[in-house]
Amino acid sequence: MNYHYLMMTLPTLPTNSKRGKLSWTGDSKIKIEWEDGHASLYTLTYLRRACPCARCKQWPKKEADGFPALPEAQARNIQANAVHPVGRYAIQFMWSDGHMTGYYPYEYLRKICPCPECTTKRIPLA
Ligand SMILES: [Zn+2]
Ligand SMILES: [Zn+2]
């Protein structure tokens, strides 16, 4: 895997939220450093599966907390062509499969933080 290639293809992240600071990690994860000091790391696959739009939530096996069950195999190769701010409260992904109707509020992103500490506080998402 060529690091320079990855840097060239990862879209710019919104910088206008006061809730948290977004950045790309070297292994193409999105990192959010929250205002309270907590940090979250998300793979794009995880975020695509967590799309909160009405269409994804209707996916046959809806999880208890609304986390849709787009199969991981289907989400794995989907990339983000762009990431746009939605005001200051949310971000929107332009996914490489053409999907773009999901707004991800920062509040929601914090709720689905995949770190062990946050994971133990909620229903497993897997
Ligand atoms: Zn969706
Ligand atoms: Zn966390």
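Note: the structure precedes this text.
A brief report on the enclosed structure follows. (Residues numbered from 1 in each chain as written. Chains lettered and ligands numbered in written order. Predicted model: local features only at pLDDT ≥ 70, side-chain atom pairs only at ≥ 80, totals over all residues.)

For the rest of this paragraph, the subject is the pairing of strand E2 (residues 30-34). Strand residues, when the strand is regular, have side chains that alternate between the two faces of the sheet. Here strand E1 (residues 20-24) pairs with E2 via five bridges, running antiparallel. Paired with Ser23 across the strands is Lys31, a residue of E2. Between E1 and E2, which pair antiparallel and follow one another directly, the connecting turn spans five residues, one of which, Ser28, has a positive phi of 65 degrees. Alignment of E2 against strand E3 (residues 39-42), held across four bridges, turns out to be antiparallel. If you follow Ile30 over to E3, its bridge partner there is Tyr42. Turn length for the E2-E3 hairpin, with the two strands adjacent in sequence and antiparallel, is four residues, and the turn residue Gly37 shows positive phi of about 100 degrees. (Pairing = 2+ DSSP bridges. Helix = DSSP H or I, 4+ residues; strand = E, 2+ residues; numbered from the N terminus.)

This part covers the sheet that holds strand E6 (residues 103-105). Strand order across the open sheet formed by three strands is E4-E5-E6, with antiparallel pairing between neighbours. What marks the edges here is a single partner per strand, and that holds for strand E4 (80-86) and E6. Between one strand axis and the next, the sheet turns through 25 degrees on average, direction left out of account. With six bridges joining them, E4 and strand E5 (residues 90-95) adopt antiparallel strand pairing. Within the sheet, the bridge partner assigned to His84 lies in E5 and is Gln92. (Axes fitted to C-alpha atoms, helices over the stretch in contact; angles between N-to-C directions.)

What follows concerns unusual backbone geometry. Excluding glycine, residues mostly carry a negative phi; peptide bonds, for their part, are mostly trans. Despite not being glycine, Ser28 shows a phi value in the positive range, around 65 degrees. With respect to the helices and strands, the residue Ser28 is situated in the loop between E1 and E2.

With that settled, consider the nonpolar core. If you look at the biggest cluster of nonpolar residues, it comprises 18 residues, and the most contacted ones within it are Leu47 and Leu109. Filtering out sequence-adjacent residues up to four positions away, Leu109 remains in contact with Ile32, Ser40 and Tyr104. (Core = buried A, V, L, I, M, F, W, Y, C linked by C-beta atoms within 7 Å. Buried ≥ 20, exposed ≤ 12 C-beta atoms within 10 Å, placed from the backbone. Contact = placed C-beta atoms within 7 Å.)

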